[in-house]
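Understanding the architecture of this molecule
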Amino acid sequence: MKTLKLAAAGALALSAATIASPAQAEDLTLCWAAWDPANALVELSKEFEAQSGHKMSFEFVPWPNFADRILNELNSGGKLCDLLIGDSQWIGGGAENGHYVKLNDFFDKEGISMSDFADATVYAYSTWPKGTPNYYALPAMGDANGWFYRKDWFARDDIRAAFKEKTGRELGEPKTQKELLEIAQFFQGREIDGQTVYGAAIFTERGSEGITMGVTGALYPWGFKYENTPGKYDMEGAVNSPEAVEALEFYKELYKTATPPGYTNAYMGESLDAFKSGQVALAMNWFAFFPGLYADPNTGGDKIDFFVNPPQNVEGSTLGGQGISVVSYSDKKDAALEYIKWFAQPDVQAKWWGLGGYSAHNSVLNDPKFPESAPFAGDFLLAMQNVKDFWQEPAYAELLLAMQKRLHDYIVADQGTAQEALDLLVEDWTEIFQDEGKL
């Protein structure tokens, strides 16, 4: 997954002449991960095909292989993808290595304003350097890590009475991370309808990004920061702060005392499976999966409900989601830009939400009817107000693999202390940034 440095001359921006030239009918390939929102995008894109005359093809890669497959394609200058919905963490490498077309001139020409999209998504999915008005993607799929639970179990009189007796409070959606742990521990090993159930399905996967995406769901509410000073890479005392240590210890306790047995390498699929099979009372996962969860005939509908990642010291949710970019190696940039223009339209964004995609367009999110448009819509709005993302540096892959190792070694493999794990992570990241010339 090591990011390769490629010559970027001429790749970061399109000339005005190129932007202005009309596109002929083309066959376009859009690359993304293989999951429910991708299926919704196929359906949505039929309208683009009918209007434009272009034919859309799709290359959807399973999440465990998505980064390796697509980053290898980009690093080799491959022409498979004309359009790419790439992870938020890729934006730095996509810009600096010349993989993505810079879209500023195109946005200006077509009247596409980034102020029409939620600020958090523009910052995370579109800009490099971060927060600057340099755009390499259009926000495509807003997402965050949230929670869902067995509403029918929480409503049972016998379970509610047992919880009240044990804790002294009413059973309901947790208001803090520590309340979440208490609820998960209450359900751990409990018998419901003749079946032994467990507390929570969380992320512990080591190979790609899973355990990092899970643990940051605790780190951010404790107040975790990557740097003391934004943009300075001064990590000592931030990454390994007392609050970060406490959050990491909390997540290990959640894993050790309130998850299904053998849950040592679990990510999105395992979380969904554990919940749908009736094994757990609570589960974390991306909002992207919530429409499918609600529609599930066995554990959806009136049996499920949703909540935002609870605060502890502060509000905080792990950002997911992606922007859509034009790949600089494509021979069909004009047609790809047509797709971007079409996708940015407010009416298309409304249809995108209706089909199960997560629009980041303010006309959709600010509609007074939006919070009631789905059982999880209001929670999604709340989550997106306090999202934080992993490093978006060109070396993000190395940074991520280091965190994956340190977290998994401590939480799952019982190696060392939380303080030691975070101290070692600071050392790892310092070395990476030194190699990058940023320290």
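What counts and how
Residues numbered from 1 in each chain as written. Predicted model: local features only at pLDDT ≥ 70, side-chain atom pairs only at ≥ 80, totals over all residues. Heavy atoms only, no water. Phe/Tyr/Trp six-rings, centres within 6.5 Å; stacked < 30°, edge-to-face > 60°. Buried < 20%, exposed > 50% of the residue type's maximum accessible area, 1.4 Å probe, protein only. Lys NZ or Arg CZ within 6 Å of the ring centre and 35° of its normal. pLDDT = per-residue confidence, 0-100. Contact = heavy atoms within 4.5 Å. Helix = DSSP H or I, 4+ residues; strand = E, 2+ residues; numbered from the N terminus. Salt bridge = Lys/Arg side-chain N within 4 Å of Asp/Glu carboxyl O. Polar contact = N/O pair within 3.5 Å; in protein donor to acceptor, adjacent residues only side chain to side chain. Axes fitted to C-alpha atoms, helices over the stretch in contact; angles between N-to-C directions. Parallel < 35°, antiparallel > 145°, perpendicular 65-115°, else oblique. Left-handed = near helix turned anticlockwise from the far one by under 90°. Nonpolar A, V, L, I, M, F, W, Y, C, P; charged D, E, K, R; others polar. Core = buried A, V, L, I, M, F, W, Y, C linked by side-chain atoms within 4.5 Å. Expected span 1.5 Å × (residues − 1).

1. What to know about the packing of aromatic side chains
The final tally for this structure, using the stated rule, is 48 aromatic pairs. Seen from their ring centres, F106 and F107 are 6.3 Å apart, and the 50 degrees between their planes marks the pair as tilted. Exposure class is identical for F106 and F107. Each is buried. By the ring-pair criterion, three or more aromatic residues cluster together here, those being W32, W35, F48, W63, F66, W90, F289, Y339, W342, F343 and W352. Looking at K130, its charged tip hangs above the ring of Y123, at a distance of 5.1 Å from the centre. Here the basic side chain of K252 rests over the ring of Y410, its NZ or CZ set 4.3 Å away from the ring centre.

2. Some remarks on the confidence of the model for the chain
When pLDDT drops low, the exact placement of atoms in the prediction is not to be read closely. Here the chain shows a mean pLDDT of 94. Residues at 70 or above account for 95%. Confidence drops under pLDDT 50 across residues 1-23; counting only partners more than four residues distant or on other chains, this segment forms 54 contacts.

3. What about the environment of A281?
Mapping A281 onto the fold places it in strand β8 (residues 280-286). C-alpha separation for the pair A281 and E398, spaced 117 residues apart in sequence, amounts to 35 Å. A281 has contacts with F148, Y149, R150, W153, F154, F187, Y198, G199 and F275, leaving out every residue within four places of it along the chain.

4. A short note on unusual backbone geometry
Peptide bonds are mostly trans, and most non-glycine residues show a negative phi. Between W128 and P129 the backbone carries a cis peptide bond, its omega angle lying at -10 degrees. Mapped onto the fold, P129 is located in the loop between α6 (119-125) and β4 (138-150). Its identity is not glycine, yet D193 carries a phi of approximately 55 degrees, on the positive side. Along the chain, D193 turns up in the loop between β5 (191-192) and β6 (195-196).

5. Notes on the pattern of salt bridges
Counting across every chain of the model gives 20 salt bridges. One salt bridge in this structure joins K109 and E110, with 2.8 Å as the shortest N-O distance. Overall, K109 belongs to the partly exposed group, its relative accessible area being 45%. In this structure E110 comes out as partly exposed when scored by relative accessible area, which is 24%. Here D409 ties to K405 by a salt bridge, and the two come within 2.8 Å at their closest N and O atoms. Here K405 and D409 lie together in helix α18 (residues 396-411), a separation of 4 residues that amounts to about one turn. For D409, a relative accessible area of 7% translates into the label buried. Relative accessible area serves as the criterion here: at 34%, K405 is assigned to the partly exposed category.

6. Brief notes about the side chain of S45
Residue position: S45 is located in helix α2 (residues 36-52). Taking the relative accessible area as the measure of exposure, S45 reaches 1% and is therefore buried. There is a polar contact of 2.8 Å between the side chain of S45 and the backbone oxygen of L41. Apart from the residues within four sequence positions on either side, S45 is in contact with M56, F58, Y339 and W342.

7. Quick word on the packing of helix α11 (residues 242-258) against α18
Interaxial distance between α11 and α18 falls to 10 Å at its minimum, and their mutual angle equals 55 degrees. With respect to α18, the element α11 is oriented oblique. Handedness of the α11/α18 crossing: right-handed. In this structure, α11 uses L248, E249, Y251, K252, Y255 and K256 to contact α18, whose residues at the interface are L407, Y410 and I411. Broken down by class, the residue content of the contact of α11 with α18 amounts to 6 nonpolar, no polar and 3 charged.

8. Concerning the nonpolar core
Within the largest apolar cluster, 159 residues are counted, with the highest numbers of intra-cluster contacts made by W32, F343 and W429. Dropping the residues within four chain positions of it, W429 is found in contact with Y226, M235, V239, F390, W391, L399, A402 and M403.

9. A look at helix α19 (residues 418-435)
Spanning 18 residues, α19 covers 26 Å between terminal C-alpha atoms, matching the ideal 26 Å at 1.5 Å per step. Here the buried face of α19 lies against α11 and α18. Immediately downstream of α19, the backbone of G437 shows phi near 80 degrees, a positive value.

10. As for α18
In this model α18 runs 22 Å from its N-terminal to its C-terminal C-alpha over 16 residues, within 8% of the 22 Å that 1.5 Å per residue would give. With 14 of 16 residues buried, α18 lies mostly within the body of the structure.

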